[in-house]
Amino acid sequence: MAVAFAALLIAAAAPRAAQAQSDGSLNVGATAKVLKPLSVTRTGNGNPNNLMVGGTSLADQATFDVMGEPGAAITVKFAFPSELPIVGGGSEALPLSNFLAEYLLGSGTDGNGDPTYTFGTYIPVTGVAQNMTLVGETSLSQANQFLRFSYTASAAVGQKPGAYRGAVVVTVEYTEI
Amino acid sequence: MNFRFLSLLAVGAALVAQPLERAQAQSTATDQADMTFRVIHPLTTQTVRQLHFGPVGPGVPKTIAPGDPRAAAVEFTGEHLMDVKIQFQTPSTLSSGANTMPFEATAHFWATAADTPILLDLRGTDVGAGYFDPAQLKLGAMSLNGALTAVDDLTATLSTLTVNLGGTVSPSQLQPRGAYTGQIVVTMNYVTM
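Residues numbered from 1 in each chain as written. Chains lettered and ligands numbered in written order. Predicted model: local features only at pLDDT ≥ 70, side-chain atom pairs only at ≥ 80, totals over all residues. Heavy atoms only, no water.

Looking at the overall build of chain A
- Summing up its helical and strand segments, chain A has one helix and 10 strands in all.
- Along the chain direction, N to C, the helices and strands of chain A fall in the order α-β-β-β-β-β-β-β-β-β-β.
- A buried classification covers 34% of the 177 residues belonging to chain A.
- Long-range contacts, defined here as pairs at least 24 residues apart, represent 76% of the contacts in chain A between residues at least 6 apart.
- For chain A, the computed accessible surface area is about 9,200 Å², with 52% contributed by carbon and sulfur atoms. (Helix = DSSP H or I, 4+ residues; strand = E, 2+ residues; numbered from the N terminus. Buried < 20%, exposed > 50% of the residue type's maximum accessible area, 1.4 Å probe, protein only. Contact = heavy atoms within 4.5 Å. Areas by Shrake-Rupley, 256 points an atom, 1.4 Å probe, with all protein chains shown as cover.)

In structure tokens, the structure reads:
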């Protein structure tokens, strides 16, 4: 969005400059790059995980595929809930812990011309909106940035049986760096 | 002159602005992943009734069918629609002090929702539906009514499965008198954890 706005201003100002220098010429560049559509898609089945009452813990993952312009920077926005509320109403909640965000970025090509990737991790703060900026590699024909969020749910002794549900919402957007 | 300038400006802005609006519309994307956990009811058990043969005569085998009122009954209560495994540990004899008497157990179980007994032979013979090997694990459903729909079944309730145990005692012709007892252990666990 920042790129688009700058291009519009340059195009509008160019005639004014040309008018002031009536005997000369002035070349003003106006560029706007239309990027490939950006998409983020959840992968995985989303089936519920069963937990026994009484201090049991179970790890789970949420994964996303991110597609967009090769080499473009994107900002990943998300927030992890610190607990999941019980379905159907009520004050009971299932605490979550051990959050970890992992990502896979295109890093170029190998000797055979096949894409290569680098792996990174990020430890988000629970319950707080997060911004994570990722930059792909321009040599890739199409960026493929894979996100994986890991977390653990723990059922305490006396945890009320039932379903507990929440969601991690991931928004990606192009970022000017 | 001014008119031409304004016109050029307007056209130039329009040409630039139009593709940029499209780019902006495609520069953000959102999706979400559900995080769902189901805390299931722990299994509880209750012995409703003991297996009671009553008096038996020397050399006369006596059988109590699982459906007999004198058969043992054990109730397991747990999460509705969860798959469970049942394991039996049965003695081959009943004891009275140092004396023993041959014993074989039979069992069947049903869930409260279906009331359809599945006969099991603890010797490993297929008596009713399904396969049962007493040395291994028996897989069954906590409820025989309906399919397991894990994704949408978020309002799970309790279900009860009843195991009835009968058996046969085979006293010998010279079987010593006495009260013979034994212990049958029935264990149930969730299998889809």
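Now that the structure is up, let's keep going.
Some points on the sheet that holds strand β8 (residues 129-135) of chain A
- Judged by pairing direction, the sheet is mixed, and its five strands sit side by side in the order β2(A)-β1(B)-β10(A)-β4(A)-β8(A) without closing on themselves. Edge positions in the open sheet fall to β2 (49-52) and β8 of chain A, since each of these has one partner strand only. Pairwise comparison of adjacent strand axes, ignoring direction, gives a mean angle of 25° for this sheet.
- As paired elements, strand β4 (residues 73-79) of chain A and strand β10 (residues 162-175) of chain A share five bridges and run antiparallel to each other. Paired with V76(A) across the strands is V172(A), a residue of β10(A). (Pairing = 2+ DSSP bridges. Axes fitted to C-alpha atoms, helices over the stretch in contact; angles between N-to-C directions.)

So, the environment of G162(A)
- Note that G162(A) resides in strand β10.
- A relative accessible area of 17% means that G162(A) is categorised as buried.
- With sequence-adjacent residues up to four places away left out, G162(A) is seen in contact with F37(B), R38(B) and V39(B).

Brief notes about the pattern of salt bridges
Residue and element names in this part refer to chain A.
- According to the stated counting rule, one finds three salt bridges over all chains in the structure shown.
- A salt bridge links K77 to E173; the shortest N-O distance between them is 3.3 Å. Of this pair, K77 sits in strand β4 while E173 sits in strand β10, and the two are 96 residues apart along the sequence.
- In this structure K77 comes out as partly exposed when scored by relative accessible area, which is 32%. (Salt bridge = Lys/Arg side-chain N within 4 Å of Asp/Glu carboxyl O.)

A word on the nonpolar core
- Within the largest apolar cluster, 36 residues are counted, with the highest numbers of intra-cluster contacts made by L147(A) and V170(A).
- Residue assignment for this core shows that the elements contributing at least two residues are β3 (56-68), β4, β6 (93-109), β8, β9 (143-155) and β10 of chain A together with β1 (28-40) of chain B.
- Residues in contact with V170(A), not counting those within four places in the same chain, are V40(A), F64(A), V76(A), K77(A), F78(A), L147(A), F149(A), A29(B), T30(B) and D31(B).
- Listed in part, the 11 residues of the second largest apolar core include V74(B), I86(B), L165(B) and V186(B). (Core = buried A, V, L, I, M, F, W, Y, C linked by side-chain atoms within 4.5 Å.)

Concerning the confidence of the model for chain B
All names here are of chain B.
- Mean pLDDT over chain B works out to 67, with 56% of the residues at or above the 70 mark.
- At the low end of the mean pLDDT range in chain B sits helix α1 (residues 2-25), at 34; at the high end sits strand β6 (residues 93-96), at 95.
- In the predicted structure, residues 111-156 sits below a pLDDT of 50 and forms 108 contacts with residues beyond four places in sequence or in another chain.
- Both confidence scores are given for the complex: pTM 0.62, ipTM 0.73. (pLDDT = per-residue confidence, 0-100.)

A few points about the packing of aromatic side chains
All names here are of chain A.
- This model, assessed by the stated rule, comprises nine aromatic pairs over all chains.
- Seen in terms of ring centroids, F78 and Y122 are 6.3 Å apart; in terms of plane orientation they differ by 85°. Their pairing is edge-to-face. Of this pair, F78 sits in strand β4 while Y122 sits in strand β7 (residues 115-122), placing them 44 residues apart in sequence.
- Given the relative accessible area of 26%, Y122 is considered partly exposed.
- With a centroid separation of 4.5 Å and 40° between ring planes, the pair formed by F80 and F99 is classed as tilted. Taken together, the residues F80 in the loop between β4 and β5 (83-85) and F99 in strand β6 connect sequence positions 19 residues apart. (Phe/Tyr/Trp six-rings, centres within 6.5 Å; stacked < 30°, edge-to-face > 60°.)

Here's the deal with the confidence of the model for chain A
Residues and elements named next belong to chain A.
- Taken residue by residue, chain A gives an average pLDDT of 75. The fraction at 70 or more is 77%.
- When pLDDT is averaged over each element of chain A, β5 comes out on top at 92 and helix α1 (residues 2-20) at the bottom at 38.
- A low-confidence stretch, residues 1-21 stays under pLDDT 50, and its non-local contacts, those more than four residues away or across chains, total 22 contacts.

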